[in-house]
Amino acid sequence: MSEASEAVYDNSRLRRARIAVAAVFCVHGAVTGSFATRVPWIQEHASVSAGMLGLALAFPAIGASVAMPLASRISHRFGARNALRGLLAMWTLSLILPSLAPNLLTLCLALFVYGATSGMSDVAMNALGVETETRMRKSIMSGLHGMWSVGALIGSAAGTVAAHLGSDARLHHALAAAALTALGLAACQGVLDLQATPEEEVPPRFSLPPKSALLIGAVGFCAVFAEGASLDWSAVYLRDVLDSSAGVAAASTTGFTLTMAVARLAGDAVVNRFGAVRTVRVGGVLAALGGLLVVLASHPVMAMGGFALLGLGIAVVVPLAFAAAGRSGPNPSQAIAGVATITYTSGLIAPSAIGTLADATSLVTSFALVTVLAFGLAIFAGVLRTDGRKAAQPQSAQPTGEKSH
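Residues numbered from 1 in each chain as written. Predicted model: local features only at pLDDT ≥ 70, side-chain atom pairs only at ≥ 80, totals over all residues. Heavy atoms only, no water.

Caption draft 1: Just the packing of aromatic side chains, in detail. On inspection of all chains with the given rule, the structure shows six aromatic pairs. Between Phe35 and Tyr114 the ring centres are 4.8 Å apart and the planes differ by 40°, which places this aromatic pair in the tilted class. A residue pair is termed long-range when its members are at least 10 positions apart, and Phe35 in helix H1 (residues 3–36) and Tyr114 in helix H7 (residues 104–136) qualify at 79 residues. Judged by relative accessible area, which is 5%, Tyr114 ranks as buried. Through pairs of rings, three or more aromatic residues link up here, namely Phe35, Trp91 and Tyr114. Taking the ring centre of Phe78 as reference, the NZ or CZ of Arg77 above it sits at 4.9 Å. The ring of Phe274 has Arg273 lying over it, and the distance from NZ or CZ to the ring centre is 4.9 Å. (Phe/Tyr/Trp six-rings, centres within 6.5 Å; stacked < 30°, edge-to-face > 60°. Helix = DSSP H or I, 4+ residues; strand = E, 2+ residues; numbered from the N terminus. Buried < 20%, exposed > 50% of the residue type's maximum accessible area, 1.4 Å probe, protein only. Lys NZ or Arg CZ within 6 Å of the ring centre and 35° of its normal.)

Here it is as structure tokens:
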């Protein structure tokens, strides 16, 4: 085969790998959307109070944080494609567990497993996304996370219909899990088949985030804190601070989510044109302006515009943080797991931190903190400029799998 033919073949293979990993992201998001819409049914079935439910909903993040470091070891042992195939199937099937829980204890255990499988499959698919991006020599991570948002919207739409029809969540989630498992396994067939080299060090079973991931994770922490605060508190802010109707308050959350999804889908073109650092700096300024609009808002429309700007500004930060982590050291999966652990922790503490600060002061003060963290993105965006791993030259397909870089 000539060099020109090999290049065309390899580019075609990379395009297929990109489509496949995008489908994996979509399936992963659909599980989250399917679960979120049936939380009221699950709460009623398990006979737990609002406070008990809040406790139970902390367990997915706990499970993810504990299990994510295992993902790199599993990928090293079984290869990236096989690891993703198994971990994604475990995640899609875990959707069944929470709706089966009859009490608080079993619900917490189910959500711990749900979060652990979510976190491990998250690390595996992001590592493959980074490797595909590296070989393609252009940004694709923002679009991949945009596909996750699309999947979450599809899953939540289907869940809304199921809830409206009054269907049993056990049946709904069993059918959804079966369909998503089949789709996920099919999608995994097309992702890059990376295998560890003999000289590559075996990742530890558990480890603290590597040093290379700490500063990158701190940037992700700021973005996810702002995201979690906005998602969970935007409607409350409009209702309690600006005396908005329930419909207007809910629309603010929808607007925030929509701008994030659209920005992620369009983000790769921006990153390819201006680079990750400049994109995040501008995004940090936009997010800080959005937070300032929220804090100074005297009318619901002003606050809604602020939340939309927040969503626009932070949308691409986490995908770019994962991409930077994957290039920051010799073990991409381990670095991505470190950044993911930090960002999951941020998502875990943000809603409660906002509520605690609001109880002590006010919601306005809470979102002043969000504004400061958003501006931190503009200040510290430079840590996303990493030279640890250079973009790899495309390689021709190998029937027995590829070696990881």
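Caption draft 2: Representation of the side chain of Thr341 in the model. Its location among the elements puts Thr341 in helix H15 (residues 332–360). Excluding its chain neighbours within four sequence positions, the residues that come into contact with Thr341 are Ser65 and Met68. (Contact = heavy atoms within 4.5 Å.)

Caption draft 3: Here's a closer look at the layout of surface pockets. There is about 1,900 Å³ of room inside the largest pocket. Residue assignment for the lining of the largest pocket shows that the elements contributing at least two residues are H1, helix H4 (59–78), H7, helix H8 (141–164), helix H10 (211–240), helix H11 (246–274), helix H14 (317–326) and H15. Take the lining of the largest pocket: its biggest share by element is eight residues, from H11. For the lining of the largest pocket, the class distribution of residues is 26 nonpolar, 17 polar and four charged. (1 Å grid on protein atoms, 1.4 Å probe; cavity = no way out; pocket = protein on both sides within 12 Å on 5 of 7 lines; lining within 4 Å. Points joined across faces, edges and corners; volume = space filled by probe spheres on them. Nonpolar A, V, L, I, M, F, W, Y, C, P; charged D, E, K, R; others polar.)

Caption draft 4: Summary view of the pattern of salt bridges. As enumerated under the stated definition, the model contains four salt bridges in all. With its nearest N and O atoms 2.7 Å apart, the salt bridge here joins Arg170 to Asp168. For Arg170, a relative accessible area of 35% corresponds to the partly exposed category. Close ionic contact of Asp240 with Arg239 constitutes a salt bridge, the shortest N to O distance being 2.7 Å. When its relative accessible area of 47% is taken as the criterion, Arg239 is described as partly exposed. (Salt bridge = Lys/Arg side-chain N within 4 Å of Asp/Glu carboxyl O.)

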